[in-house]
Amino acid sequence: MGDVKLEHVSKHYDDVTAVDDMNLEINDGEFICLVGPSGCGKSTTMEMIAGLTIPSEGKVFIGDREVTNLPPKDRGVAMVFQNIALFPHMDVYDNISFGLRLRNYDKEEIDRRVERASEIVQLGGMLERMPDEMSGGQRQRVAIARAIVRNPGVFLMDEPLANLDAKLRVHMRTELQRLHKELDTTIVYVTHDQAEAMTMSDRIAVIDSGQLQQIDPPLVCYNEPANLFVAGFIGSPSMNFLDGEITENGFVSTNIDVEFDPADVGIETGRDVTMGIRPEDVYLVQNERQVANPTHRIEATTDVLEPMGDEIFVYLKLAEEAHADLEEASVAANDQLLMSVSPDSDIEEDRDVEVVLDRTRVHLFDTETGIALSHGIESTITASGPADAEAESDD
Amino acid sequence: MSSETSGVGVGADDAEMKRGPLGRWVDKAIKNPDRVYRAMFYVATVFFLVTTLFPFYWLLVLALTPNRLITNMGLLPKGFQPEVFITMFERVPFHLFMFNSFVLGITTTVIVLLIASLAGYVFGRLRFPGKGILMLGILAISYFPPAAFLIPLFELFTGNTALSIGAVTISSPDLFNTPAPMVLPFSALFLPLSIFILTTFYGQIPDGLEDAARVEGTTRLGALFRVIVPLSAPGVATAGVLTFIAVYNEFFFSFLMNNGEASSWAPIVAGILKYQGQFDTPFNLMAAASIVGVLPVAVLVIIAQERIVSGLTAGALKE
């Protein structure tokens, strides 16, 4: 009953298109995150599920009912808002029971449900407080209790943790996961924080410019991003991108070459491609043994170090490889590479180093369309990850 | 502070001797501007109190003085006749006129608040083309002098206007001596101010609260009356009290849309004028009636004062 389906849904405001031909299927009981940069249309998408916004085109289904033009109150959804949106003139009990009272439940039933909901979110003994007497985390819990008390088919959460401080946010994150396990209800969760999306959801829907870019489990989005946008958005810090070209020797750019047979990965030569490599897949030469299938050594100079405690981010300035035949257009963007190393690494700023890349973790994208061509050089396009690639190269 | 006074020393005494009292006062005022501000505050307050409260005092003086002695009045009553406050009810059923005023005021206030709430919601919370022009139109109309409407409205409400559609002629109803010809123009005249006040208030309620109410199970209208109106209580109280007082004080339509009898819904104004006979004008009774008539409004304002002040000065609502 809690599955949600969007069919060719669009929303236009005057001359702006907020959501463009969105198709989305969310299964019952699933925890799904809509992520994307601000203004990408994720909140509009959620508002269309909630009924607060009516789509310009397309259909919305909740369960097996079409709800496209139903008002929010008749959709069987509950929502938690970014600004929490508790009614300031009502105490906690009245806030939680607001929806039940509107539906004329009898007093005992309301009491029973409010008590249960407040137990779930650990709000016992606070039912008579006013919202302005509570802390941010407590208010957020009241908002969640208000949502769960009606046993809705679908929970909609619009950046519910965005206004909380960092520590509380992490705490509430685990509470939400626990809640999802307990209630087993569909949760649609909007966030611009990819870390939240990665940690909590069953599947992530990455949205940009009103269009769905990829919808997959978090690790698939991370390991096999469907396009350049997803690759750059998921993962922090972001993936390194280098523009180059496919030749018969493999990938060639002004700074980094990766040799392979283009036929192996099924990309014709002469095509403009962008290579992506995550910071953790760049290794110092002394750690080369950790990589089953390294590229050849790449010369670089360390620029800035960012020690994070559990790892150090190293900005590398790349030396230019001599390619007279390559066009000069993409030189500027190509000369930097971000690497993450373990904190005990012997590394300093402004030193010449050599690094290698893990070939199985190299992503290739079509520069023009941004569509992923290959994940992992030694594997074929359809293979899914480093496991296969390692098996192949292990001869 | 002490170092400042001691630091002035002997030279300051010399300077003081050379100046006159005004010079010294100016000197002090420059050193300590707070004194001046406080002095100005007292002057302004006393001025305000005198101009507003003196008329009441004067009414009291007139009321207590027996009518035949009311000539060449000074600041004190010439005599003491408190029974005038009983006589006034014996001579004219003033309580009925007050009741009429209350009914007219409350009816108008309810109508105005209801309609202004809907309008305020639309103007404050929705976006639609032509909103600015429409709002401007409403404000402009509110500045039309009511006298301009008087004759057409009088004709309309006394049944002298007929509208012909083909063979059918619809004559306007004769509403003279009923509350309608007062309540209707009052509502129309005082609506713009309330719309304006409520628009600002409703516009400040965060969208999230309305969205939350709608998701929880109200319609837009339900959200307006369950969430937005209660949260805008100071604004609603302000609009309500201002409307009520305006109607209670109204003279023009109140005087002309009825025959001046309490049974014809004539309000306080008519009541006060009713004391005037063909051969005498009992100023003491009229003064007493005026005082009695003002009291309910004074009480209302004192009770609602806090709300009105906060409503007039700020949209004091945090999310």
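Residues numbered from 1 in each chain as written. Chains lettered and ligands numbered in written order. Predicted model: local features only at pLDDT ≥ 70, side-chain atom pairs only at ≥ 80, totals over all residues. Heavy atoms only, no water.

Heads up, the rule is: UniProt positions are given in the numbering used here, feature names are shortened, and annotations may be inferred rather than shown by experiment.
Per an unreviewed UniProt entry, chain B goes by the name Carbohydrate ABC transporter permease and belongs to Haloferax larsenii. Recorded in UniProt under Subcellular location (unreviewed entry), the annotation for chain B is "Cell membrane". Listed in UniProt under the heading Sequence similarities (unreviewed entry), the comment for chain B reads: "Belongs to the binding-protein-dependent transport system permease family."

By the naming in an unreviewed UniProt entry, chain A goes by ABC transporter ATP-binding protein and is assigned to Haloferax larsenii. Recorded in UniProt under Subcellular location (unreviewed entry), the annotation for chain A is "Cell membrane".

### Structural notes on the interface of chain B and chain A
Convention followed: Pairs of residues are marked as contacts when any of their non-hydrogen atoms sit within 4.5 Å. A simple way to read buried area is as the amount of 1.4 Å-probe accessible surface that goes missing from two parts once joined, with both sides added. Each reported salt bridge corresponds to a side-chain nitrogen of Lys or Arg within 4 Å of a carboxyl oxygen of Asp or Glu. Throughout this description, a polar contact denotes any pair of N or O atoms lying within 3.5 Å of each other; where both atoms belong to protein, one of them has to be capable of donating a hydrogen while the other can accept it, and for residues adjacent in sequence the pair is counted only when both atoms sit in side chains. Labels follow the DSSP assignment, with helices taken as runs of H or I lasting at least four residues and strands as runs of E lasting at least two, numbered in each case from the N terminus. Throughout this entry, Asp, Glu, Lys and Arg are counted as charged residues, while Ala, Val, Leu, Ile, Met, Phe, Trp, Tyr, Cys and Pro are counted as nonpolar. The remaining residues, Gly among them, count as polar.
In this assembly, 16 residues from chain B lie in contact with 21 residues from chain A. Taking both sides of the interface into account, the surface hidden between chain B and chain A amounts to around 1700 Å²; carbon and sulfur atoms contribute 66%. On the chain B side of the interface with chain A, the three residues burying the most area are B:Arg214, B:Val215 and B:Glu216, jointly 39% of the side's total. Here B:Glu216 and A:Arg150 are joined by a salt bridge, their closest N and O atoms 3.3 Å apart. For the pair chain B and chain A, the interface holds 4 residue pairs in polar contact (both at pLDDT 80 or more). Contributions of two or more residues to the side of chain B that touches chain A are made by helix H9 (207-216) and helix H10 (220-231) of chain B. The greatest single-element share of the side of chain B that touches chain A, amounting to 8 residues, is contributed by H9(B). A breakdown of the residues in the side of chain B that touches chain A according to their chemical character gives 7 nonpolar, 4 polar and 5 charged.

### Topic: the environment of A:Leu161
Residues and elements named next belong to chain A. Defined as follows: Exposure categories follow from relative accessible area, calculated using a 1.4 Å probe and restricted to protein chains: below 20% of the type maximum is buried, above 50% is exposed, and the middle band is partly exposed.
Mapped onto the secondary structure, leucine 161 falls in the loop between strand S7 (154-158) and helix H5 (166-183). Overall, the relative accessible area of 0% leaves leucine 161 in the buried class. Apart from the residues lying within four places of it in its own chain, the contact partners of leucine 161 are Gln140, Arg169, Met172, Arg173, Leu176, Tyr189 and Glu196.

### Considerations on the layout of surface pockets
Think of a ball as big as a water molecule: rolled over the atoms, this probe shows where empty space is left. Residues and elements named next belong to chain B. How we decide: Site definitions follow a grid-based scheme: protein atoms alone, a 1 Å grid, a 1.4 Å probe that fits but cannot get out for cavities, and for pockets an open set with protein on both sides within 12 Å along at least five of seven lines, plus lining residues having an atom within 4 Å of a point. Grid points are joined across faces, edges and corners, and a volume is the space filled by probe spheres set on the points.
Size it by volume and the largest pocket reaches roughly 640 Å³. Forming the walls of the largest pocket are 20 residues, and the residues nearest its centre are Thr52, Phe56, Val294, Val297 and Ala298. Every element with two or more residues in the lining of the largest pocket is listed here: helix H3 (33-64), helix H11 (233-249), helix H13 (268-274) and helix H14 (283-313). When its residues are assigned to classes, the lining of the largest pocket shows 16 nonpolar, 4 polar and no charged. Considering only enclosed or pocket space, the second largest pocket measures out at about 560 Å³ in volume.

### Quick notes on the pairing of strand S3 (residues 31-35) of chain A
Residue and element names in this part refer to chain A. This is how it is decided: Being paired, for any two strands, means DSSP has found at least two bridges between them.
Counting buried positions along S3 gives 5 out of 5 residues, so the element sits mostly inside the fold. Taking every second residue as pointing to the same face, both faces of S3 are buried, with Phe31, Cys33 and Val35 on one and Ile32 and Leu34 on the other. By the bridge criterion, 5 bridges tie S3 to strand S8 (residues 186-191) in an arrangement that is parallel. Looking across to S8, one finds that isoleucine 32 is bridged to valine 188. Pairing between S3 and strand S9 (residues 203-208): 4 bridges, direction parallel. Pairing of valine 35 across the sheet is with valine 206, part of S9.

### Some remarks on the sheet that holds strand S1 (residues 4-13) of chain A
Residue and element names in this part refer to chain A. Applicable threshold: Think of each axis as a best-fit line through the C-alpha atoms, taken over the contacting stretch in the case of a helix, with angles from 0 to 180 degrees between the N-to-C directions.
Reading across from one edge, S2-S1-S4-S5 is the order of the 4 strands in this open sheet, with antiparallel pairing throughout. Looking at the sheet topology across the chains shown, the edges are occupied by strand S2 (16-26) and strand S5 (65-66). Where S1 and S2 come together, 7 bridges link them in antiparallel fashion. For valine 4, the partnering residue across the bridge sits in S2 and is isoleucine 26. In the packing of helix H1 (residues 42-50) onto the sheet, the strands contacted are S1, S2 and strand S4 (57-62), and the crossing angle to S1 comes to about 120 degrees.

### Let's talk about the side chain of A:Arg113
Residue and element names in this part refer to chain A. Mapped onto the elements of the fold, arginine 113 is located in helix H3 (residues 107-120). Within the local environment of arginine 113, its side chain forms a polar contact with the backbone oxygen of valine 149, the two atoms lying 3.1 Å apart. Each residue touching arginine 113, except ones within four places of it in the same chain, is listed here: Leu100, Tyr105, Val149, Arg150 and Asn151.

### Focus on the pairing of strand S14 (residues 272-277) of chain A
All names here are of chain A. Buried residues dominate S14, accounting for 5 of its 6 residues. In terms of strand pairing, strand S11 (residues 240-247) meets S14 through 6 bridges, oriented antiparallel. Note on S14: the bridge partner recorded for phenylalanine 241 is glycine 276. Relative to strand S20 (residues 363-366), S14 is paired through 4 bridges, and the arrangement is antiparallel. Paired with threonine 274 across the strands is phenylalanine 365, a residue of S20.

### Comments concerning the domain arrangement of chain A
Residues and elements named next belong to chain A. Applied cut-off: These domain boundaries are the output of an automatic or database domain assignment.
One can read the domain layout of chain A as domain 1 (4-228) and domain 2 (237-393). Computed over C-alpha atoms, the centres of domain 1 and domain 2 are 38 Å apart. Across the boundary between the two partners, domain 1 contributes 8 residues, which contact 16 residues of domain 2. Summing both partners gives a buried area of about 900 Å² for domain 1 against domain 2, and 53% of it is carried by carbon and sulfur. By the criterion of area lost to domain 2, the three top residues of domain 1 are Tyr222, Glu224 and Leu228, representing 62% of everything that side buries. Here domain 1 is connected to domain 2 by 6 residue pairs in polar contact (both at pLDDT 80 or more). Taken together, the residues of the side of domain 1 that touches domain 2 sort by class into 5 nonpolar, 2 polar and 1 charged.

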